[in-house]
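# Structural characterization, general
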Amino acid sequence: MSGTNEPREPGGELDPILAADAASHPHHGQKFALRLWVYEKLGLVGRLTRRQIRFFLIMLGASWGVIFESFRTHSWRRTVRFEFGATLNSVVGGGMVATLFAGTLTGVAAVSQTIYWLGLAGMTKMTGTILVDVVIREIAPILVGMLLLGRNGMLSVTELGLLTTGGEIRSMQAQGLDPFLLLVMPRTLAFTVGGFTLGILFSFAALLTGYVISRISGVVTNPVWTFFYDVITAMSRADYLVIPLKFIAVGFVVGLGGCLTGLTATNEDNLRTLLPRGFSRGMLIVMAVSVLFSLDL
Amino acid sequence: METRTVGPLLELNKAVPSFEESGLPPLPFSMKLMPGDCVVVEARSASRATMFADLCCGLVPLEEGAVKFMGLDWAELHDRELNALRGRIGRMTRRPSWPEFLNTHLAITLQQLHHTNRPLDEVVAEAARLGELFGLPGLPVLPPSRLSDVDLLRAGCVRAFMGRPRLLLLEDPLEASPVDLLNPFLSAITEARDRGAGVIWLVRGNAVWQGYRQGITSLWRLADDGLVEVRTA
């Protein structure tokens, strides 16, 4: 054996003291090694589980925080009201044209086709029910959620992510400005109101366009009032609760998810990591809410 | 939350900062700042100076000891109380502190608008007055990214002195600053001290504060061996 004077490489050999100890207690050493192995594996499982559900738990806690704080009058300071107004203006004002356009396209592609084929199959009476169940209850919340996510949710992810990694959030805390109260709460609530508003506008635009196309092509001869009356009477009592709730919930989770993804960014994050994470989380959240509200309802 | 109006304004009582959270040496820091005092703290490292200012604001967790501001221990306060108390601190920092989604005038007045019920006109008038004092033509309304570094420095001075803060934590504002900022800065410090505010002026070298030498209450050095008081000749 050569090189006894060479420096030892870290980890290149066993610790002589522990090795001697293990040699003197062979059973104890085996037990110790087994226990260590079990602990390591348990730790790995725990770490993985925690990492996977961490964001979900943060979302749950922050959801409660937003709801709780929004009922406290002291939370609504003028800076918070300003942020709420600015975000609402951006969400509703900025997203209205895109939403109406998407609703119009849905009306052309889905509503008019539904009316046409149901008429051809002699199932005209089912038109209202199918439009409510498919277009308004299922398609509208998902498309509105995607529009909200793409237009404003990703903006929140980027904005808050860069503020967090840049240190501005810390500077705000040093001034006594709580980022949760000043940014997360008003933005989430603005998204909530925006989700409901845009959802209703989308549904209206889709139904109206579908009716107009069907009327022009001669499939429908009823006046527009009769058409809307048929749709409204096809709605069940639960629909009056579930549909608005779905729009509200989609807006809420997209807003909150975007803000939290930005605020939980670390120093290792940049736009290349933040944007895909924000988008995939947002899409998952929108789909999850949509599925959740469709269960047994 | 009842604040103390007599006694030390800021008290570091054998406060051992968490090294993992701050990078500050994990040694007991002791210092008292009385109302009207102006303390110069020499710190060669800018990031260490920022962390020391964070420590004074209660943003750095402690291993031992306590940091008290206006008689209240930061560690014993709830979030709302912490934020309300931090609203009484004026701070100039080397850390990025201008959020891009707010225009400069809003970023300057944000702390006052958030923590007080002062009328908007009054807040804006004070900001404009301070802006003129520090050499700005008025209250800048452009986004911070469109202002020059010097104008941002002036805007930072305006923000720090807004609303008669009880404590001023100033991280080397005069370094690489235009000469015309010196007199307004020193007069603003003197005016704040006359009102009973305490000032911690963090500097990198001792050349910066020599012009205000007679007004300095004590000189400290922040280094690897902790916070040490230095005798001045």
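Because the structure is predicted, anything quoted here is derived from the model rather than measured.

### Focus: the overall build of chain B
Regarding its fold elements, chain B presents 7 helices and 10 strands. For 233 residues, the compact-globule estimate of 2.2 N^0.38 gives 17 Å, and chain B sits close to it at 17 Å. With the C-alpha coordinates aligned to their principal axes, the bounding extent of chain B is approximately 45 × 40 × 35 Å. Partitioning the intrachain contacts of chain B with sequence separation of at least 6 by distance along the chain shows that 72% fall at a separation of at least 24.

### What about helix α4 (residues 104-115) of chain B?
Residues three or four positions apart in an α-helix share a direction because the helix packs 3.6 residues into each turn. Counting buried residues in α4 of chain B gives 9 out of 12 residues, a clear majority hidden from the surface. T104, A107, I108, T109, L110, Q111, Q112, H114 and H115 of chain B are the residues of α4 of chain B that are buried.

### With respect to helix α6 (residues 179-216) of chain A
Residues and elements named next belong to chain A. Spanning 38 residues, α6 covers 53 Å between terminal C-alpha atoms, matching the ideal 56 Å at 1.5 Å per step. Within α6, 27 of the 38 residues are buried, leaving the element largely enclosed by the surrounding structure. Immediately downstream of α6, the backbone of G218 shows phi near 85°, a positive value.

### Points about the sheet that holds strand β2 (residues 29-33) of chain B
All names here are of chain B. Taken together, the 4 strands give an open sheet; going across it, the order is β2-β1-β4-β5, and neighbouring strands pair in antiparallel fashion. Looking at strand neighbours, the two that pair on one side only are β2 and β5 (72-73), the edges of this open sheet. Note: strand β4 (residues 62-69) against β5, 2 bridges, orientation antiparallel. When the bridges of β5 are listed, K68 appears paired with D73.

### A closer look at the pairing of strand β10 (residues 226-230) of chain B
Bridge count between strand β9 (residues 218-223) of chain B and β10 of chain B: 5 bridges; the pairing is antiparallel. For R221 of chain B, the partnering residue across the bridge sits in β10 of chain B and is V228 of chain B.

### Re the nonpolar core
Counting residues in hydrophobic clusters, the biggest one holds 123 residues, and the most contacted among them are V144 of chain A together with F52, C56, V199, I200, W201 and L202 of chain B. Considering each element in turn, this core owes the most residues, 16 residues, to helix α4 (residues 127-166) of chain A. Ignoring any residue separated from it by four or fewer positions in sequence, one finds V199 of chain B in contact with D37, C38, V39, L168, L170, I189, A192 and R193 of chain B.

### A look at the interface of chain A and chain B
Contacts between the two partners involve 16 residues from chain A and, on the opposite side, 20 residues from chain B. Secondary structure elements with two or more residues in the side of chain A that touches chain B: α3 (78-120), α4 and α5 (168-174) of chain A. Per-element accounting of the side of chain A that touches chain B gives the leading share, 5 residues, to α5 of chain A. For the side of chain A that touches chain B, the residue count by class is 3 nonpolar, 7 polar and 6 charged.

### Examining the environment of A128 of chain B
Residues and elements named next belong to chain B. Along the chain, A128 falls in helix α5 (residues 120-133). Taking the C-beta count within 10 Å as the criterion, A128 has 17 such neighbours and is therefore assigned partly exposed. Linking A128 and L139, residues 11 residues apart in sequence, is a C-alpha distance of 5.0 Å.

### Quick word on the pairing of β4 of chain B
As defined by bridge partners, strand β1 (residues 10-17) of chain B adjoins β4 of chain B across 6 bridges and the pair is classed as antiparallel. The residue of β4 of chain B that forms the bridge with V16 of chain B is E64 of chain B.

### Observations concerning the packing of α6 of chain A against helix α8 (residues 237-263) of chain A
Residues and elements named next belong to chain A. As a packed pair, α6 and α8 sit with axes 7 Å apart at the nearest point and diverge in direction by 150°. Here α6 and α8 pass one another in a crossing that is right-handed. Across from P179, L183, V184, R187, T188, A190, F191, T192, G194, G195, F196 and G199 in α6, the residues of α8 making contact are P244, F247, I248, V250, G251, F252, V254, G255, L256, C259 and L263. Here the residues of the contact of α6 with α8 sort into 15 nonpolar, 7 polar and 1 charged.

### A look at the sheet that holds strand β3 (residues 38-43) of chain B
Within a beta sheet, neighbouring strands are joined by backbone hydrogen bonds and run either parallel or antiparallel to one another. Residue and element names in this part refer to chain B. Across the sheet, which stays open at both edges, the 6 strands sit in the order β6-β7-β8-β3-β9-β10 with mixed pairing between neighbours. Of all strands in the sheet, those with a lone pairing partner are β6 (89-92) and β10, marking the two edges. Averaged over all pairs of adjacent strands, the angle between strand axes in this sheet comes to 20°, irrespective of strand direction. Running at roughly 165° to β6, helix α6 (residues 149-161) makes contact with β6 and β7 (167-171) of the sheet.

### Topic: the environment of T158 of chain A
All names here are of chain A. By the element assignment, T158 lies in helix α4. Among the residues examined, T158 registers 18 C-beta atoms within 10 Å and is labelled partly exposed. Distance in space between the C-alpha atoms of T158 and T209 is 35 Å, their sequence separation being 51 residues. Setting aside its immediate chain neighbours within four residues, T158 contacts L271, L274 and L275.

### Some thoughts on the UniProt feature "transmembrane region" (unreviewed entry) in chain A
Residue and element names in this part refer to chain A. Residues given the UniProt feature "transmembrane region" (unreviewed entry) here are residues 53-71, 91-118, 130-150, 189-213, 245-266 and 278-295. Helix makes up 100% of residues 130-150 and strand 0%, whereas the separation of the span's terminal C-alpha atoms amounts to 28 Å. The span residues 189-213 shows a helical share of 100% and a strand share of 0%, and its end C-alpha atoms are spaced 36 Å apart.

### Focus: unusual backbone geometry
All names here are of chain B. Its identity as a non-glycine residue notwithstanding, M70 has a phi of 55°, on the positive side. In this fold, M70 is placed in the loop between β4 and β5. The exposure class assigned to M70 is buried, which follows from the 20 C-beta atoms found within 10 Å.

### So, the packing of α4 of chain A against helix α9 (residues 271-294) of chain A
Residues and elements named next belong to chain A. Axis separation between α4 and α9 bottoms out at 9 Å; the angle between their running directions is 150°. When the axis of α4 is compared with that of α9, the two are roughly antiparallel. Relative to α9, α4 is oriented so that their crossing is right-handed. From α4, E138, P141, I142, G145, M146, L149, G153, M154, V157, T158 and G161 reach across to α9, where they touch L271, L274, L275, G278, F279, G282, M283, V286, S290 and S294. Classifying every residue of the contact of α4 with α9 by side-chain character gives 12 nonpolar, 8 polar and 1 charged.

The rules we used
Residues numbered from 1 in each chain as written. Chains lettered and ligands numbered in written order. Predicted model: local features only at pLDDT ≥ 70, side-chain atom pairs only at ≥ 80, totals over all residues. Helix = DSSP H or I, 4+ residues; strand = E, 2+ residues; numbered from the N terminus. Rg over C-alpha atoms; globule rule 2.2 N^0.38 Å. Contact = placed C-beta atoms within 7 Å. Buried ≥ 20, exposed ≤ 12 C-beta atoms within 10 Å, placed from the backbone. Expected span 1.5 Å × (residues − 1). Pairing = 2+ DSSP bridges. Core = buried A, V, L, I, M, F, W, Y, C linked by C-beta atoms within 7 Å. Nonpolar A, V, L, I, M, F, W, Y, C, P; charged D, E, K, R; others polar. Axes fitted to C-alpha atoms, helices over the stretch in contact; angles between N-to-C directions. Left-handed = near helix turned anticlockwise from the far one by under 90°. UniProt positions renumbered as here; feature names shortened; annotations may be inferred. Parallel < 35°, antiparallel > 145°, perpendicular 65-115°, else oblique.

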